[in-house]
Amino acid sequence: GLRGHRGWTPAWRKATPQPGYDAIIVGGGGHGLATAYYLAKNHGVPRVAVLEKGWIGGGNTGRNTTAIRSNYFYPESVALYDLALRLYEGLSQALNYNIMLSQRGMLIAAHTPTQMEICARIANAMQLNGVDGELIGAEEALQRVPLLNRTADARYNCMGGVWQQRAGIARHDAVAWGYARAASALGVDIIENCTVTDLLIESGKITGVETDKGSIRAERVGLAAAGATPGLASMAGIRLPIHTYALQAFVSEPVKPMLDTVLLYLGTGTYVSQSDKGELVFGGGLDRVPTHGQRGNLPAQEAVVSGLLEMFPAFAQLKLLRQWAGVVDVTPDSSPVIGPAGPEGLFLNCGWGTGGFKAIPAGGWLLAHLLATGGHHEISRPFDLDRFARGRLIDEAAGSGIAH
Ligand code: FAD
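Residues numbered from 1 in each chain as written. Predicted model: local features only at pLDDT ≥ 70, side-chain atom pairs only at ≥ 80, totals over all residues. Heavy atoms only, no water.

What follows is about helix 8 (residues 298–311). For helix 8, with 14 residues, the first-to-last C-alpha span of 20 Å sits near the 20 Å given by 1.5 Å per residue. For helix 8, the complete set of buried residues consists of Ala-300, Gln-301, Val-304, Gly-307, Leu-308 and Met-311. The arc that holds the buried residues of helix 8, viewed along the axis, is 130°, so those residues lie on one side. Helix 8 presents Leu-298, Pro-299 and Glu-302 as exposed residues on the side facing more than 90 degrees away from its buried surface. With a side-chain oxygen positioned 3.2 Å from the backbone nitrogen of Ala-300, the residue opening helix 8 is Asn-297. (Helix = DSSP H or I, 4+ residues; strand = E, 2+ residues; numbered from the N terminus. Expected span 1.5 Å × (residues − 1). Buried < 20%, exposed > 50% of the residue type's maximum accessible area, 1.4 Å probe, protein only. Arc of directions from axis to C-beta. Polar contact = N/O pair within 3.5 Å; in protein donor to acceptor, adjacent residues only side chain to side chain.)

In structure tokens form, the structure reads like this:
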């Protein structure tokens, strides 16, 4: 059937590296591509290149479970993730590319009085920050997710939780491809199969990058390479407080519609949604050993699957179709790093850990601002690397029990 479509035009140009650019972005994931798009669109920077060692969206952006939300605890985080959510809400129109955003709502389910208190605290924080979020009881939670295990012998009986209606999912590939197409149309060079092997620095200033396709000059360089960013930053002598772990995702065989929300279970850490195709897409916590392997280990798989079955015993009948992992970049406070680092002209967008898909539009918006102006946007300032030296952590791991 596809033979009839020979006349299709590529969505983005296959660019070859030029000797120099106004700005280079390392990493063709969602954050790198969004940065390039906003650099061209918001700031009119004419000569921008995205350098990707594989294919665009082949990193975590194409491997994640696509949950989007802004139910965080600290005002700094809410400002960041709600900017992303607002941009996501208009993104299909802005890019003229259907990212399949489905704001089906998300429930963070609680199973103990203590978890309910945490949920109440998160809901209150969201409302104080002007973001939609409400505390709901067991009855409403079970109405929204009727298949939840509610038998007398259920180990984790749902007591209620935090509900965010504007949360949901979007098609991850479409986000990468949509930004790539729109950036390319604005003149951005997207260069795939191009690995950055070194950072070029002269007299304390960044002057470009070395790649397996030769050196490319630029006075502004942004690193948006997720789990590979610490290695890249070390080329400039910067030691980032980031550990890289595998995070796995799982997909079941497709079944008829039965779950029309995103659900995260605080008791097990497992979360799940159903794709438009009917597959259950689910995941859980990190593999606990730092690694750059994109595979994942069996004990973590067992923990995630057993968590799913605690919630939905009926799912035991389903077959697991696929499993994979991405390499995520985790900071001590589970918040990202956005800002300048080391030599003049070098900027970071990393440390998104398990939750950076939902942040892609904001991460790109803010790194573009830094690259274009040299200074912080007010939303990115709290996420500067210097917060670790100043002790001004934004500890979402403790604040919102962060999970994707
Ligand atoms: P990536 O998409 O990883 O892009 C970085 C790119 O840099 C890669 O393509 C890589 O090839 C490239 N690169 C690396 N080194 C070099 C080099 N030397 N030269 C050139 N290029 C290089 N987030 C959510 O919000 N919701 C979720 O539900 C969610 N679920 C997840 C589930 C899983 C299994 C995983 C792995 C992650 C999940 N995340 C989720 C996290 C989210 O996917 C990431 O935080 C986000 O995609 C990071 O985007 P990025 O553009 O920074 O990185």
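On we go from here.
What follows concerns the environment of Val-251. Turning to its location among the elements, Val-251 is positioned in strand 13 (residues 243–252). Along the sequence, Val-251 and Gly-32 sit 219 residues apart, while their C-alpha atoms lie 27 Å from each other. In this structure Val-251 touches Glu-279, Leu-280, Val-281, Phe-282, Leu-320, Leu-321, Arg-322 and Trp-324, once residues within four positions along its chain are discounted. (Contact = heavy atoms within 4.5 Å.)

In globular proteins that are soluble, nonpolar side chains generally tend to be buried together. Counting residues in hydrophobic clusters, the biggest one holds 70 residues, and the most contacted among them are Leu-80 and Tyr-179. If one sorts the elements of this core by residue count, helix 2 (residues 75–89) sits on top with 8 residues. Judged by nonpolar contacts, the second largest core, of 29 residues, contains Ile-24, Val-209, Ala-236 and Ile-238. (Core = buried A, V, L, I, M, F, W, Y, C linked by side-chain atoms within 4.5 Å.)

Another aspect to go through is the site of the ligand. Neighbouring the ligand are 39 residues; Glu-52, Asn-60, Thr-61, Thr-65 and Lys-358 lie closest to it. Between the ligand and Thr-61 there is a distance of 2.6 Å, counted from an oxygen atom to a side-chain nitrogen or oxygen. One of the backbone N or O atoms of Ala-67 is found 2.9 Å from an oxygen atom in the ligand. Protein burial of the ligand: of its 1000 Å² of free accessible surface, 96% is covered by the chains. Sort the elements by how many residues they give to the shell around the ligand and strand 13 lands first, with 3 residues. Looking at the shell around the ligand residue by residue, the class counts come to 16 nonpolar, 19 polar and 4 charged. (Near = heavy atom within 4 Å. Areas by Shrake-Rupley, 256 points an atom, 1.4 Å probe, with all protein chains shown as cover. Nonpolar A, V, L, I, M, F, W, Y, C, P; charged D, E, K, R; others polar.)

This paragraph deals with the environment of Glu-76. Within the fold, Glu-76 resides in helix 2. Assessed through its relative accessible area of 27%, Glu-76 is described here as partly exposed. Leaving out residues up to four positions away in the same chain, Glu-76 has contacts with Pro-382, Phe-383 and Ile-394.

The next point concerns the packing of aromatic side chains. A full pass over the atoms with the stated rule returns 10 aromatic pairs. Ring plane angle 70° and centroid distance 5.7 Å describe the contact between Tyr-38 and Tyr-179, whose orientation is recorded as edge-to-face. Of this pair, Tyr-38 sits in helix 1 (residues 30–43) while Tyr-179 sits in helix 6 (residues 172–185), and the two are 141 residues apart along the sequence. No difference in accessibility class separates Tyr-38 from Tyr-179, as the two residues are buried. Ring geometry for Tyr-81 versus Trp-352: centroids 6.3 Å apart, planes at 85°, classification edge-to-face. Taken as a pair, Tyr-81 in helix 2 and Trp-352 in the loop between strand 19 (346–350) and helix 9 (360–373) lie far apart in primary sequence, 271 residues in all. (Phe/Tyr/Trp six-rings, centres within 6.5 Å; stacked < 30°, edge-to-face > 60°.)

With that out of the way, let us pick up the pattern of salt bridges. In the structure shown here, the tally under the stated rule is 16 salt bridges. Asp-82 is the partner of Arg-166 in a salt bridge, and the nearest nitrogen-oxygen pair spans 3.2 Å. A residue pair is termed long-range when its members are at least 10 positions apart, and Arg-166 in the loop between strand 6 (160–164) and strand 7 (168–169) and Asp-82 in helix 2 qualify at 84 residues. In this structure Asp-82 comes out as buried when scored by relative accessible area, which is 9%. With its nearest N and O atoms 3.0 Å apart, the salt bridge here joins Arg-166 to Glu-89. Of this pair, Arg-166 sits in the loop between strand 6 and strand 7 while Glu-89 sits in helix 2, and the two are 77 residues apart along the sequence. Among the charged side chains, a network of salt bridges with common partners joins Asp-82, Arg-86, Glu-89, Asp-132 and Arg-166. (Salt bridge = Lys/Arg side-chain N within 4 Å of Asp/Glu carboxyl O.)

Function cannot be inferred from these measures alone, as they are strictly geometric.
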